[in-house]
Amino acid sequence: MDKSKLLDKAASPEDRLTLAHVLDKWEQARSRNIPAATDFLTPVQRTAAEDILRQAGASPADYLAFGGYDGAERQILLFLPDWLEPEDAGDQLPLRYLRASYRPEYSLTHRDLLGSLMGLGIVREKVGDILVTPDSADLVVLDSVAEFLMQSWDTAGRARLTVTEIGPEVLHIPKLQVQEIRDTVATVRLDAVASTGFRLSRGKAAALIESGKVQVNWRECVKPDKPLSAGDTVTARGLGKFRLKEVGAPTKKGRIPIVVERYV
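Keep in mind that this is a model prediction, so the values were computed, not measured.

Definitions and limits used
Residues numbered from 1 in each chain as written. Predicted model: local features only at pLDDT ≥ 70, side-chain atom pairs only at ≥ 80, totals over all residues. Heavy atoms only, no water. Helix = DSSP H or I, 4+ residues; strand = E, 2+ residues; numbered from the N terminus. Core = buried A, V, L, I, M, F, W, Y, C linked by side-chain atoms within 4.5 Å. Buried < 20%, exposed > 50% of the residue type's maximum accessible area, 1.4 Å probe, protein only. Contact = heavy atoms within 4.5 Å. Pairing = 2+ DSSP bridges. Axes fitted to C-alpha atoms, helices over the stretch in contact; angles between N-to-C directions. Phe/Tyr/Trp six-rings, centres within 6.5 Å; stacked < 30°, edge-to-face > 60°. Lys NZ or Arg CZ within 6 Å of the ring centre and 35° of its normal. Parallel < 35°, antiparallel > 145°, perpendicular 65-115°, else oblique. Left-handed = near helix turned anticlockwise from the far one by under 90°. Polar contact = N/O pair within 3.5 Å; in protein donor to acceptor, adjacent residues only side chain to side chain. Arc of directions from axis to C-beta. Salt bridge = Lys/Arg side-chain N within 4 Å of Asp/Glu carboxyl O.

### Side note on unusual backbone geometry
Turning to step 1, where the next piece is worked out: Phi at Asn33 is positive, roughly 55°, even though this residue is not glycine.
Turning to step 2, where the next piece is worked out: Mapping Asn33 onto the fold places it in the loop between helix H2 (13–32) and strand E1 (36–37).
Turning to step 3, where the next piece is worked out: Phi at Ser107 is positive, roughly 50°, even though this residue is not glycine.
Turning to step 4, where the next piece is worked out: When you line up the elements, Ser107 lands in the loop between strand E4 (95–101) and helix H4 (110–119).

Structure below.
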């Protein structure tokens with residue numbers, strides 16, 4: 001494996017650093033025959049990591065991705081030695097679960113809580129999803145920072161925090177809020193579907209795509225004519241994301257019915 005050639009394809013020095021970390025953890029698991037875990041990765045980083053691992057010769061059976069609960073956005077990759085099966089790897093996951101409780105009148109937001117963590121010197125890669133409710137926030141974190149947070153994280157903005165460890169079974173997982181949009185399009189091209197999903201004119205959707213601000217299934221796409229399929233997720237910087245839920249049979253006039261779920 002020529003790591004330098006693989007990493008040369010990364011878009012930025014930060015991306016190269018993240019992907020080098022992933023490859024190092026894979027090699028550690030292989031050479032030392034022990035479990036090895038990455039830091040938390042965003043969906044974009046995780047997709048890029050899976051791409052580079054495939055290019056390097058890794059099999060999907062060599063690792064599992066998990067963020068503390070089903071559907072977690074930020075996830076770690078746990079690389080498995082040959083003696084460890086994925087279904088038996090739960091005890092090897094370096095994850096802890098914390099609840100930061102506060103008085104509901106402070107109305108803390110995700111941004112408030114993340115800002116206070118950064119103020120403590122905690123880098124974003126050590127913290128997974130932050131699940132906010134009116135009077136608490138549940139966090140999935142790496143075990144390397146859990147004890148520090150329980151001892152030192154006591155404020156966010158003007159709110160006093162009480163931070164305790166909890167089990168994964170009591171995580172407050174917010175229900176995803178989606179808006180269902182039904183439409184018909186002339187073609188299931190990215191620009192046409194993005195026009196529906198982001199409520200833009202087709203011309204503006206095409207320009208947005210060509211500017212490099214749109215991703216399909218967490219990979220950048222600059223081709224407005226890229227065909228989409230049911231299940232594809234489209235994200236755009238500053239506009240959020242949607243999933244193409246259904247693609248119907250063409251109507252008598254040749255239009256194609258679609259159902260889009262936009263996350264709100």
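### A look at the nonpolar core
Turning to step 1, where the next piece is worked out: Of all hydrophobic cores here, the largest spans 22 residues; its most connected members are Leu190, Val193, Leu228 and Val234.
Turning to step 2, where the next piece is worked out: Listed by contribution, the elements that provide at least two residues to this core are strand E10 (178–185), helix H6 (190–197), helix H7 (202–210), strand E11 (214–216), strand E13 (233–236), strand E14 (240–247) and strand E15 (256–263).
Turning to step 3, where the next piece is worked out: For this core, the element with the most residues is H6, which contributes 4 residues.
Turning to step 4, where the next piece is worked out: The residues contacting Leu190, other than those within four sequence positions of it, are Ile209, Val214, Val216, Cys221, Lys223, Pro224, Lys226, Leu228 and Val234.
Turning to step 5, where the next piece is worked out: Residues Leu98, Tyr102, Ile122 and Trp153 belong to the second largest nonpolar core, which totals 21 residues.

### Some details on the sheet that holds strand E12 (residues 219–220)
Turning to step 1, where the next piece is worked out: Strand order in this open sheet of 6 strands is E10-E15-E14-E13-E11-E12, and the pairing throughout is antiparallel. The open sheet has two edge strands, E10 and E12, and neither has a second partner.
Turning to step 2, where the next piece is worked out: Relative to E13, E11 runs antiparallel, the two sharing 3 bridges. Note on E13: the bridge partner recorded for Gln215 is Thr235.
Turning to step 3, where the next piece is worked out: Of the strands in this sheet, E10, E11, E13, E14 and E15 touch H6, which is tilted by about 55° from E15.

### Focus on the packing of aromatic side chains
Turning to step 1, where the next piece is worked out: Inspection of the entire model under this criterion finds 2 aromatic pairs.
Turning to step 2, where the next piece is worked out: When the ring centre of Trp26 is taken as reference, the NZ or CZ atom of Arg30 above it lies at 4.3 Å.
Turning to step 3, where the next piece is worked out: For the cation-ring pair, Lys241 lies above Tyr263, with the distance from its terminal atom to the ring centre recorded as 4.9 Å.

### Focus: H6
Turning to step 1, where the next piece is worked out: When you tally the buried positions in H6, you get 8 out of 8 residues, the bulk of the element.
Turning to step 2, where the next piece is worked out: Those residues of H6 lying buried are Leu190, Asp191, Ala192, Val193, Ala194, Ser195, Thr196 and Gly197.
Turning to step 3, where the next piece is worked out: In this structure, the buried side of H6 is in contact with E10, H7, E11, E13, E14 and E15.
Turning to step 4, where the next piece is worked out: Arg199 sits one or two positions beyond H6 and adopts a positive phi of about 55°.

### A closer look at the packing of H6 against H7
Turning to step 1, where the next piece is worked out: Following both chains from N to C, one finds H6 and H7 inclined at 110°, their axes separated by 8 Å at the closest point. The orientation of H6 relative to H7 falls into the category roughly perpendicular. The interaxial crossing formed by H6 with H7 has right-handed handedness. Taken together, the residues of H7 that come into contact with H6 (itself represented by Leu190, Asp191, Ala192, Ala194 and Ser195) are Arg202, Ala205, Ala206 and Ile209.

### With respect to the sheet that holds strand E3 (residues 76–79)
Turning to step 1, where the next piece is worked out: Within the open sheet, the 3 strands sit side by side as E1-E3-E2. Their pairing is antiparallel. The open sheet has two free edges, formed respectively by E1 and strand E2 (63–66), since each of these has just one partner strand.
Turning to step 2, where the next piece is worked out: Most of the contacts of H2 go to E3, to which it runs at about 25°, and overall it touches E1 and E3.
Turning to step 3, where the next piece is worked out: Across the face of the sheet, helix H3 (residues 43–56) comes into contact with E2 and E3 while running at roughly 30° to E3.

### Overview of the environment of His21
Turning to step 1, where the next piece is worked out: Tracing the backbone through its elements, the reader meets His21 in helix H2.
Turning to step 2, where the next piece is worked out: Here His21 is in contact with Thr38 and Asp39, once residues within four sequence places are set aside.
Turning to step 3, where the next piece is worked out: Within polar-contact distance, the side chain of His21 engages the backbone nitrogen of Asp39 at 3.1 Å.

### Comments concerning H4
Given 3.6 residues to a turn, an α-helix orients residues that are three or four positions apart in the same direction.
Turning to step 1, where the next piece is worked out: Listing the buried residues of H4 in full gives Leu113, Leu114, Ser116 and Leu117. Across the axial projection of H4, the buried residues extend over an arc of 160°, all falling on one side. Seen from the buried face of H4, the exposed residues on the opposite side, beyond 90 degrees, are Arg111 and Gly119.
Turning to step 2, where the next piece is worked out: Where the residues of H4 are buried, they touch strand E5 (127–133), strand E6 (136–142), helix H5 (143–152) and strand E7 (155–156).

### Considering the side chain of Thr18
Turning to step 1, where the next piece is worked out: Tracing the chain through its elements places Thr18 in helix H2.
Turning to step 2, where the next piece is worked out: In this view, Thr18 contacts Leu41 and Gln45; residues no more than four positions away in its chain are not counted.

### Here's the deal with the pattern of salt bridges
Turning to step 1, where the next piece is worked out: Under the criterion given, the structure shown has 15 salt bridges.
Turning to step 2, where the next piece is worked out: With a closest N to O distance of 2.7 Å, Arg219 and Asp51 form a salt bridge. One end of the pair, Arg219, is in strand E12; the other, Asp51, is in helix H3, and 168 residues separate them in sequence.
Turning to step 3, where the next piece is worked out: Using a relative accessible area of 38% as the deciding quantity, one classes Arg219 as partly exposed.
Turning to step 4, where the next piece is worked out: Judged by its relative accessible area of 15%, Asp51 falls in the buried class.
Turning to step 5, where the next piece is worked out: Note that Glu147 is salt-bridged to Arg96, the shortest N-O span being 2.6 Å. With Glu147 in helix H5 and Arg96 in strand E4, this residue pair connects regions lying 51 residues apart in the sequence.
Turning to step 6, where the next piece is worked out: By relative accessible area, which is 40% here, Glu147 ends up partly exposed.

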